[in-house]
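Descriptive structure summary
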Amino acid sequence: MTDWSLTLHASIAEIDPVQWGHCAGDDNPFVAHDFFLALEESRSVGPESGWLPRYAVLRGDGQIVALAPLFLKAHSYGEYVFDHGWAQAYEQAGGRYYPKAQIAIPFSPVSGGRLLVSPDMPDAETIRGLFAQALQQACEELGLSSVHMTFCSEDDQNAAVDRGWLPRIGLQYHWENRGYGTFDDFLETLSSRKRKAIRRERREAQSCGLVFRTRRGDEITEADWDGFYAFYQATIDRKWGQAYLTRAFFSQLSERLGTRVVLMQALAGDRPVAGALNLAGTSTLFGRNWGCEGSWPFLHFELCYYRAIDFAIEQGLSRVEAGAQGEHKIQRGYLPRLTRSAHFIRDPALAGPVAAFLEQEREAILRERDDLRSLSPFREENIS
C-alpha cells in the first residue's frame, strides 16, 4: 500500500527546480519554478501583498508525484474569480471566511494545469483526485474556510469535483491558429466587413509615426522595464487597482525566463509610449500587462491583439490568450472560451448556498457564451 503524504512549503526555493519542472512541464511559463522565484525574490508575493506561499507537494512512498502553487490569503484581491460576496455573506452570518487557500497564479488570469502531476505516474487522474482530497484535509487541519483552484484545467476540475469540490466556469476570449501562414491568411477567414475593419484599424495605428518592435529575454533593457513599469502603474491607477507587481519583478522575469518573456513596444522616436507584456509557452502566447502614455488611435488593439497574432503565426503557436474580460475582442478574432475553477468549502451552511448560486451562474454563462458566438467575425464556414 502506498504511503501518501502532503507537505506545504513557504518558498519555492525549498523545492528542487528540476523536480518542479518535471511535474510542471515546459508548456506554460506561469507555472515555471523561475516564475514563482521571481515573484518571491521581488517581494511581489509575501506578507506585503497578502499572498503567502505554501506550495503543496504530494508524495507517494517519499517520492514527489504532484505539486501545486498554493497560497494562503487574508483577502480576495488579485484573483479574477470573485468570491467577495461569499465572504461577506458568511461573515455576516457569524462565520470566518479568511484565511483561505488559493491554488492559482498570482495576479494572472491564465488557464492551465494547477495540480501538476509527474508524467512518470501511470494514472494521473487518480493522483489528481488524491491530491484534491489531501488539500481538503490540509484545509481542515489548518482551520481554513476553503480552498479555491482557479483557471485550472478541465482534468483538474473534474478530479476535484469528484471529491466534492464545487465547479465554476467563466469566459475569456482566445484566438486560435488554424494553420495560418500570414496575418492575411487569418483575415481571409473573416467576413468582408470585419476584414476591412481590422485592416483600417491596423492602418490607422501604424500611420501615427510610431515605431513598433518586439524584444525578448535579455534583449529587454532596464530602461525598457523602467518605461514599462510606469505604464503598468498608470494602468493600475486608472482602474483603481493595486500594483502588486514590483519594479524588480520585471527585471527578474526576463533574467529568469529568458526568451519566454516577450515585450512588444510602440516608440515615438526613441521613447517608448506603450508596451504589452506577454509570456510565450510552447503552444500559447499569454498576454499579460499593457500600458500606454498618451492617446493613439487603435494602439491597444494593434499592440495587444494584432501583433500577438502576428507573433503566434510567426512562431507556430496554436493560441493567444489575451487576458480577462473584453467582448470587443470577439470582433478581432478572439472567441469566447470557457475557463474553469473548483472550490472546496468546509462549512455545509456556506457550501449549500454557494452551490446553488454556481448552478444558476453556470446556466447564465453558457447562455452568454452561445449568444456571443453569434457575434463571431468569421465567415460561417470558419466558425468553430
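Everything below is about the structure printed above this text.
About the criteria used
Residues numbered from 1 in each chain as written. Predicted model: local features only at pLDDT ≥ 70, side-chain atom pairs only at ≥ 80, totals over all residues. Heavy atoms only, no water. Buried < 20%, exposed > 50% of the residue type's maximum accessible area, 1.4 Å probe, protein only. Helix = DSSP H or I, 4+ residues; strand = E, 2+ residues; numbered from the N terminus. Arc of directions from axis to C-beta. Contact = heavy atoms within 4.5 Å. 1 Å grid on protein atoms, 1.4 Å probe; cavity = no way out; pocket = protein on both sides within 12 Å on 5 of 7 lines; lining within 4 Å. Points joined across faces, edges and corners; volume = space filled by probe spheres on them. Nonpolar A, V, L, I, M, F, W, Y, C, P; charged D, E, K, R; others polar. Pairing = 2+ DSSP bridges. Axes fitted to C-alpha atoms, helices over the stretch in contact; angles between N-to-C directions. Patch = residues over 30% accessible without salt bridge, like charges linked within 9 Å, V, L, I, M, F, W, Y side chains within 5 Å. Areas by Shrake-Rupley, 256 points an atom, 1.4 Å probe, with all protein chains shown as cover. Salt bridge = Lys/Arg side-chain N within 4 Å of Asp/Glu carboxyl O. Lys, Arg positive; Asp, Glu negative; His and termini not counted. Charge placed at Lys NZ, Arg CZ, Asp CG, Glu CD. Core = buried A, V, L, I, M, F, W, Y, C linked by side-chain atoms within 4.5 Å.

**Overview of helix α5 (residues 154-161)**
Listing the buried residues of α5 in full gives Asp-156, Gln-157, Ala-159 and Ala-160. Down the axis of α5, the buried set is contained in an arc of 165°. They therefore lie on one face. The elements touched by buried residues of α5 are α4 (124-141), β8 (146-152), β9 (166-176) and β15 (335-345).

**Some thoughts on the layout of surface pockets**
Considering only enclosed or pocket space, the second largest pocket measures out at about 270 Å³ in volume. The set of elements that each furnish at least two residues to the lining of the second largest pocket consists of β14 (319-321), β15 and α11 (348-373). Ranked by the residues each element gives to the lining of the second largest pocket, the list is headed by β15, at five residues. When grouped by side-chain class, the residues that make up the lining of the second largest pocket number three nonpolar, five polar and seven charged.

**Section: the sheet that holds strand β11 (residues 261-268)**
Read from one edge of the open sheet, 11 strands run β2-β5-β6-β8-β15-β9-β14-β13-β12-β11-β10, paired in mixed fashion. The open sheet has two edge strands with one neighbour each: β2 (51-53) and β10 (211-216). Pairs of neighbouring strands in the sheet enclose a mean axial angle of 30°, with direction left out of account. Where strand β13 (residues 284-292) lies against β14, three bridges are found, and the strand directions are parallel. Within β14, the position partnered with Thr-284 by the bridge is Arg-319. Of the strands in this sheet, β8, β9 and β15 are in contact with α5, which crosses β8 at around 155°.

**Structural notes on a negative patch on the surface**
Together, Asp-123, Glu-125, Asp-155 and Asp-162 make up a negatively charged patch on the protein surface. If you trace the backbone, Asp-162 turns up in the loop between α5 and β9. Residue class for Asp-162 comes out exposed when judged on its relative accessible area of 56%.

**Here's the deal with the nonpolar core**
In terms of nonpolar packing, the biggest core is built from 43 residues, with Trp-20, Phe-35, Phe-36 and Phe-250 touching the most fellow members. Listing elements by their share of this core, those giving two or more residues are α1 (17-24), α2 (33-41), β3 (55-60), β4 (63-68), α8 (222-238), α9 (247-257), β11 and β12 (271-280). It is α8 that provides the largest number of residues to this core, a total of six residues. Residues in contact with Trp-20, not counting those within four places in the same chain, are Ile-12, Ile-15, Val-31, Ala-32, His-33, Phe-36, Tyr-55, Leu-67, Ala-68, Pro-69 and Leu-116.

**What about empty space enclosed by the protein?**
For the structure on display, the rule yields four cavities of 30 Å³ or more. When its volume is computed, the largest cavity comes out at roughly 60 Å³. If you go around the largest cavity, you meet 13 residues; those closest to its centre are Phe-35, Ser-108, Leu-245, Phe-249 and Arg-288. Elements with a minimum of two residues in the lining of the largest cavity: α2, α9, β12 and β13. Residues of the lining of the largest cavity, tallied by class, amount to 10 nonpolar, two polar and one charged. Taken as a whole, the second largest cavity encloses approximately 50 Å³ of empty space.

**Here's the deal with the sheet that holds strand β7 (residues 116-117)**
Strand order in the open sheet formed by four strands is β1-β3-β4-β7, and the pairing between neighbours is antiparallel. For this open sheet the edge positions go to β1 (4-9) and β7, each flanked by a neighbour on one side alone. Sheet analysis places β1 next to β3, joined by six bridges and oriented antiparallel. Across the sheet, Trp-4 pairs through a bridge with Gly-60, a residue of β3.

**Focus on the pairing of β11**
Burial analysis of β11 places seven of its eight residues in the buried class, the great majority of the element. In the sheet, β10 pairs with β11 via six bridges, with the strands oriented antiparallel. What sits directly across from Arg-215, in β11, is Leu-263. Bridge count between β11 and β12: eight bridges; the pairing is antiparallel. Within the sheet, the bridge partner assigned to Ala-268 lies in β12 and is Arg-271.

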